[in-house]
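# Examining the three-dimensional arrangement
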Amino acid sequence: MSDVLLIQGSLNPESKTALVIQEAAKELANRGVDHEILDLRKFDLQFCDGRPLSDYNASTQQAYKLMEKARAYVWGMPVYCFSVSGPLKNLIDITAGAMENKSSAIICNAGGNRSYMALGDLSRILAFEARMVSVQPAVYTSYEDFEDGRLVNSEIPNRIKVMLDALLRQIDHPS
Ligand SMILES: Cc1cc2nc3c(=O)[nH]c(=O)nc-3n(C[C@H](O)[C@H](O)[C@H](O)COP(=O)(O)O)c2cc1C
């Protein structure tokens, strides 16, 4: 069982969400927290159509297993149309059964700096569907935090630390 699963929810090969998720993974490694990354770009997820899990392809079932064995999640959420991106919502539709009553933290990555309310959509979906209350604070990033394919806002790593403090407290992790 991994303690924390980081979910990278963008399919963009040059994803900025992925950079922030990597930063969070680095912090978990520093703290000696067992973690894994589910990067949607590395999975061949089928669209949810309500069929039994066993009828989806192997990659989709593998994603479900990763979700099932984690105790807590860090969601890397790209903002599309002021809400959760389609690929990430599809993952939730398929794997919600694996998430019941677990703990969540949200990293929300958008183009502009005014789409932060979008993370409330993810928080609400997780609460209604899987009884997961997301910890506060969440981390929000936008284009101005990146330069030349790198995360350059030096405040973000600190915000990630505070968010992870709250998440690890929820699962009583000693770090
Ligand atoms: C279809 C689409 C819709 C988007 N909608 C919004 C939006 O409503 N608000 C916003 O601030 N950025 C929006 N963006 C910008 C993305 O949030 C931004 O490109 C972000 O970096 C995406 O994450 P990624 O780099 O990990 O793929 C949109 C981008 C796309 C492709």
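Structure: see above.
Residues numbered from 1 in each chain as written. Predicted model: local features only at pLDDT ≥ 70, side-chain atom pairs only at ≥ 80, totals over all residues. Heavy atoms only, no water.

### A look at the packing of aromatic side chains
If you walk through the whole model with that rule in mind, you get 2 aromatic pairs. Ring plane angle 90° and centroid distance 6.1 Å describe the contact between tyrosine 116 and tyrosine 140, whose orientation is recorded as edge-to-face. Here the residue tyrosine 116 occupies a position in the loop between β5 (103-109) and α4 (118-130), and tyrosine 140 occupies one in strand β6 (residues 139-141), the gap between them amounting to 24 residues. A relative accessible area of 46% places tyrosine 116 in the partly exposed class. (Phe/Tyr/Trp six-rings, centres within 6.5 Å; stacked < 30°, edge-to-face > 60°. Helix = DSSP H or I, 4+ residues; strand = E, 2+ residues; numbered from the N terminus. Buried < 20%, exposed > 50% of the residue type's maximum accessible area, 1.4 Å probe, protein only.)

### Topic: the nonpolar core
In this structure, Met67, Tyr73, Trp75, Met77 and Met99 are the most contacted members of the largest nonpolar core, which totals 32 residues. Put simply, the parts of the chain that give this core at least two residues each are β1 (4-8), α2 (58-69), β3 (72-80), α3 (86-95), β5 and α4. Here this core gets 6 residues from one element, more than from any other, and that element is α4. Each residue touching methionine 77, except ones within four places of it in the same chain, is listed here: Thr17, Ser83, Val84, Leu88, Ile107, Cys108, Asn109, Ala118, Leu119 and Leu122. Counting residues in hydrophobic clusters, the runner-up holds 24 residues, among them Val74, Ile107, Leu164 and Leu168. (Core = buried A, V, L, I, M, F, W, Y, C linked by side-chain atoms within 4.5 Å. Contact = heavy atoms within 4.5 Å.)

### Regarding unusual backbone geometry
Here glutamine 136 and proline 137 are connected by a cis peptide whose omega angle stands at 0°. For arginine 131, which is not glycine, the phi dihedral falls at a positive 50°. Here arginine 131 lies in the loop between α4 and β6. Positive phi outside glycine occurs at aspartate 148, with the angle close to 50°. Its location among the elements puts aspartate 148 in the loop between β7 (146-147) and β8 (150-151). Judged by its relative accessible area of 71%, aspartate 148 falls in the exposed class.

Purely geometric numbers; function is a separate question.
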